[in-house]
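Residue-level listing of the chains:
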Amino acid sequence: MKSVSLRQRLAFELNRRLRHERRRKHILRQLFWECTRRCNLSCRHCGSDCKSSSSLPDMPAADFLRVVDSLMPHVDPHKVNIVITGGEPLVRDDLEYVGRQLYNRGFPWGIVTNGLMLTPRRLETLRRAGIHNITVSLDGLEENHNWMRGHPMSFCRAYEAIRHISAATDLNSDVVTCVNRRSLGQLSQQKELLIDAGVRRWRLFTIFPTGRAAAYPEFELTDAETDSLMRFIADTRREGRIHASFCCEGFMAGYEGEIRDYLYECQAGVSIASVLLDGAIGSCPSIRADYTQGNIYDDDFWDVWQHRFGPYRDRGWMRTGPCADCSFWRYCEGNGFHLRDSSGRLMHCHLIKDTDLQT
């Protein structure tokens, strides 16, 4: 991993002070709703093991809207972005109804989708419902994307959807890519495809071996491959033809300041919350279900947000194991919550070999 310069350390120290202030204020900026676990694909890297049918029914729209209404006295709705996820949110027939209700209340809203059902007609109904932002997944070139997604038309439909949303000037949109060892060498070609489609923003992720992904060791990048990905993102950002960025996965040492618009900070439970399918109140939906703070069917969401997210805002309890004497602790503070197991043990860190985490 690239070493840290003195200039970066000074920036980290300033960001550390600002981070503590943000945690003290914990202003809610983004709310995720896991509206379904049904999905029209069966992706090899799915951490939620979503399927075409689910043992859990979709959450009724009215239940989530009651949560939204309970927020109204406490937040400026124009400053809280609501992101509807799944599963695949487009399998819900009432998605536009929910979106219109959010729009009428003043909340910007959007979806994360695989694009398979995002036809021009469906896009138009979403726009009439006031959708603000759309994220589409595209995990490589056609062969690799279809292999990961388990559908022979997945790439074509996703790419066509990307073209349509990129042409819509009233939408904020981006593409997310889960990079694996098969697709890493094709990123330059994928970049050109996205630029040709009019994409302006591109977020790149690595894959952590959980859920179905645990069965595919080729998904997880080696240290050298991770360095290669960071260099690609940094070079693409300097090139300026498409705004690429690395996800919020973890602290990346000397690459900080080059791969994202911000220095690393896990915002889970600080500015981000979620309502999961069973009503559980959590933070980022990427985090294990073990880390939930309440349930909308038993608790008041705002009370939970104000008083039960302490472990996210004071992370001193994470300073154990490899984090105990890590020189980057004061800047990283234990990495992302989604990289912890049910007991709080750190399972993965880009700065430490996984074999060292198991000792």
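It should be noted that the structure appears before, not after, this text.
Residues numbered from 1 in each chain as written. Predicted model: local features only at pLDDT ≥ 70, side-chain atom pairs only at ≥ 80, totals over all residues. Heavy atoms only, no water.

Caption draft 1: Region of the structure containing unusual backbone geometry. Cis peptide bonds are those with omega within 30 degrees of zero, and the linkage from Gly-86 to Gly-87 qualifies with 20 degrees. We note that His-26 has phi near 35 degrees; this positive angle belongs to a residue other than glycine. The class for His-26 is buried, based on a relative accessible area of 13%. The phi angle at Glu-333 is positive, at roughly 55 degrees, despite the residue not being glycine. With respect to the element layout, Glu-333 can be found in the loop between helix 11 (329-332) and helix 12 (354-357). (Buried < 20%, exposed > 50% of the residue type's maximum accessible area, 1.4 Å probe, protein only. Helix = DSSP H or I, 4+ residues; strand = E, 2+ residues; numbered from the N terminus.)

Caption draft 2: Inspection of the sheet that holds strand 8 (residues 272-275) at higher detail. The mixed open sheet is built from 10 strands, whose spatial order is 7-6-5-4-3-2-1-8-9-10. Of all the strands in the sheet, the pair left with one neighbour each is strand 7 (243-246) and strand 10 (294-295). Taken together, the four bridges between strand 3 (residues 109-113) and strand 4 (residues 133-137) define a ladder with parallel strand orientation. Looking at strand 4, one finds that Gly-110 is bridged to Asn-133. Packing against the sheet, helix 2 (residues 61-71) makes contact with strand 1 (30-34), strand 2 (81-85) and strand 8, and its axis sits at approximately 165 degrees to strand 1. Packed onto the sheet, helix 6 (residues 154-167) meets strand 4 and strand 5 (172-179) and runs at close to 155 degrees relative to strand 4. (Pairing = 2+ DSSP bridges. Contact = heavy atoms within 4.5 Å. Axes fitted to C-alpha atoms, helices over the stretch in contact; angles between N-to-C directions.)

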